[in-house]
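Working through the structure, step by step
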Amino acid sequence: MLRILDAKTGETVPAAPARRALTRVEAHASGYDLTALRVLLTTDLLLRALEIGGTPVLPLLTADRHQAELHAAATTLGIRPFEDGRDLSSGLGEAQVVHVAAEGVTVPGAGASGAGVSVAVASASGPDADVLNQLADPAVLRLALLDAPRGTAVHLGAGALDEAGRRLGRLRQSVAHWARSPSRPVPEKVRGRLRDAWEDDLDVPGVLAVLRWMENQPEIPDGARFETCAYADRLLALDLTRDLGRFA
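Residues numbered from 1 in each chain as written. Predicted model: local features only at pLDDT ≥ 70, side-chain atom pairs only at ≥ 80, totals over all residues. Heavy atoms only, no water.

**Description of the overall build of the chain**
Looking only at helices and strands, the chain has seven helices and nine strands in total. For 248 residues, the compact-globule estimate of 2.2 N^0.38 gives 18 Å, and the C-alpha radius of gyration of the chain, at 18 Å, lies within 12% of that figure. Taken along its principal axes, the extent of the C-alpha atoms in the chain is 55 × 45 × 30 Å. With 248 residues in all, the chain has 50% of them scored as buried. A separation of at least 24 residues holds for 73% of the contacts in the chain among residues at least 6 apart in sequence. The averaged location of the 32 negative side-chain charges in the chain is 6 Å from the averaged location of its 27 positive side-chain charges. (Helix = DSSP H or I, 4+ residues; strand = E, 2+ residues; numbered from the N terminus. Rg over C-alpha atoms; globule rule 2.2 N^0.38 Å. Buried < 20%, exposed > 50% of the residue type's maximum accessible area, 1.4 Å probe, protein only. Contact = heavy atoms within 4.5 Å. Lys, Arg positive; Asp, Glu negative; His and termini not counted. Charge placed at Lys NZ, Arg CZ, Asp CG, Glu CD.)

Next up, the structure:
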């Protein structure tokens, strides 16, 4: 079961106590900058983790400004589409609510119900909003933001995105190579380590660490490495299988 640190109580709680009940996950953005994109990305991870666990979700975005820009940036970053939170009331039949917002942001009307997920600030060298538009592959920014715990502030300084791009390229090339071998199921010990990581307060850096660990386990066949990456990418959404067939 996915458990998250509730920003309101400081306690770890189930993200969806009733596993099969509709859960409203609401992203709250107070502007259009890299921190807002990190809030949307964290919301996307939460949605994906809940769905993998069998919980139906309703994704909402509430923002006073820059609605169009935020929706467009979410699409570019591979984030699931959001409904407009301003146009939908809370009486939608959902049993559970989770609010996602930047640290220090007060979520209107969230005091009485639902857990809160807090996201630390993110910044970059130069104008924040321009970072996404400067990248040929938006998944590079996604990886750079996923690489740190969400409670840790991130500054993407000079060279950070280049390094993320190189890491992503190497992993995609490895996945393309492994795909040439006969398929094998994801080893249960690897699947368990992946689930333990993302169900522990969305520890995505832990998920990435499991993938790095897997690469150095000689007993794991290449076909199983491929299936493991495809499985993990249901959460990561880094398009890890993009280069299949590209490398001889």
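**Quick notes on the packing of helix H5 (residues 188–198) against helix H7 (residues 222–236)**
Running from N to C, H5 and H7 point in directions that differ by 15 degrees, and their axes come no closer than 11 Å. When the interaxial angle is binned, H5 and H7 end up roughly parallel. At the point where H5 passes H7, the crossing takes the right-handed sense. Together, Val190, Arg191, Leu194, Arg195 and Trp198 of H5 and Thr228, Tyr231, Ala232 and Leu235 of H7 make up the contact between the two elements. Partitioning the contact of H5 with H7 into residue classes produces six nonpolar, one polar and two charged. (Axes fitted to C-alpha atoms, helices over the stretch in contact; angles between N-to-C directions. Parallel < 35°, antiparallel > 145°, perpendicular 65-115°, else oblique. Left-handed = near helix turned anticlockwise from the far one by under 90°. Nonpolar A, V, L, I, M, F, W, Y, C, P; charged D, E, K, R; others polar.)

**Some details on unusual backbone geometry**
Most peptide bonds are trans, and most residues other than glycine sit at a negative phi. At histidine 66, a residue that is not glycine, the phi angle is positive and equals roughly 60 degrees. Residue classification places histidine 66 among the partly exposed residues on the basis of a relative accessible area of 31%. The phi torsion at alanine 237 lies on the positive side, around 55 degrees, for a residue other than glycine. With respect to the helices, strands and loops of the structure, alanine 237 is situated in the segment after H7.

**Let's talk about the pattern of salt bridges**
One pass over the structure, following the stated rule, counts 15 salt bridges. Measuring nitrogen to oxygen at the nearest pair gives 2.6 Å for the salt bridge that ties arginine 167 to aspartate 147. Separated by 20 residues along the polypeptide, arginine 167 in helix H4 (residues 160–178) and aspartate 147 in the loop between helix H3 (139–146) and strand E9 (154–156) bring together distant segments of the chain. The partly exposed category is assigned to aspartate 147, whose relative accessible area is 32%. Residue arginine 166 pairs with glutamate 163 through a salt bridge whose shortest N-O separation is 3.1 Å. Of this pair, arginine 166 and glutamate 163 both sit in helix H4, three residues apart, which is roughly one turn of the helix. One network of salt bridges, with partners in common, ties together Asp137, Arg172, Arg242 and Asp243. (Salt bridge = Lys/Arg side-chain N within 4 Å of Asp/Glu carboxyl O.)

**Some thoughts on helix H2 (residues 67–76)**
All buried positions along H2 are accounted for by Gln67, Leu70, Ala73 and Ala74. Down the axis of H2, the sector holding all buried residues measures 135 degrees, keeping them to one side. With respect to the buried face of H2, the exposed residues turned more than 90 degrees away are Ala68 and Thr75. Among the structural elements, strand E3 (23–29), helix H1 (34–52), strand E4 (57–63) and strand E5 (83–84) are those in contact with the buried residues of H2. Immediately beyond the C-terminal end of H2, within one or two residues, lies glycine 78, with a positive phi of roughly 75 degrees. (Arc of directions from axis to C-beta.)

**Details of H1**
End to end, H1 covers 27 Å across 19 residues, agreeing with the expected 27 Å (1.5 Å per residue, within 8%). Within H1, 18 of the 19 residues are buried, leaving the element largely enclosed by the surrounding structure. In this structure aspartate 33 caps H1, since a side-chain oxygen of it lies 3.2 Å from the backbone nitrogen of threonine 35. Looking one or two residues beyond H1, the residue adopting positive phi is glycine 54, at roughly 95 degrees. (Expected span 1.5 Å × (residues − 1). Polar contact = N/O pair within 3.5 Å; in protein donor to acceptor, adjacent residues only side chain to side chain.)

**Notes on the pairing of strand E6 (residues 96–102)**
Of all seven residues that make up E6, seven are buried, and the element is covered over most of its length. Neither face of E6 is open: one carries Gln96, Val98, Val100 and Ala102, the other Val97, His99 and Ala101, and all of them are buried. As paired elements, E3 and E6 share six bridges and run parallel to each other. Bridge pairing in E6 links threonine 23 to glutamine 96. Across five bridges, E6 lies against strand E7 (residues 115–119) in parallel orientation. For histidine 99, the partnering residue across the bridge sits in E7 and is glycine 116. (Pairing = 2+ DSSP bridges.)

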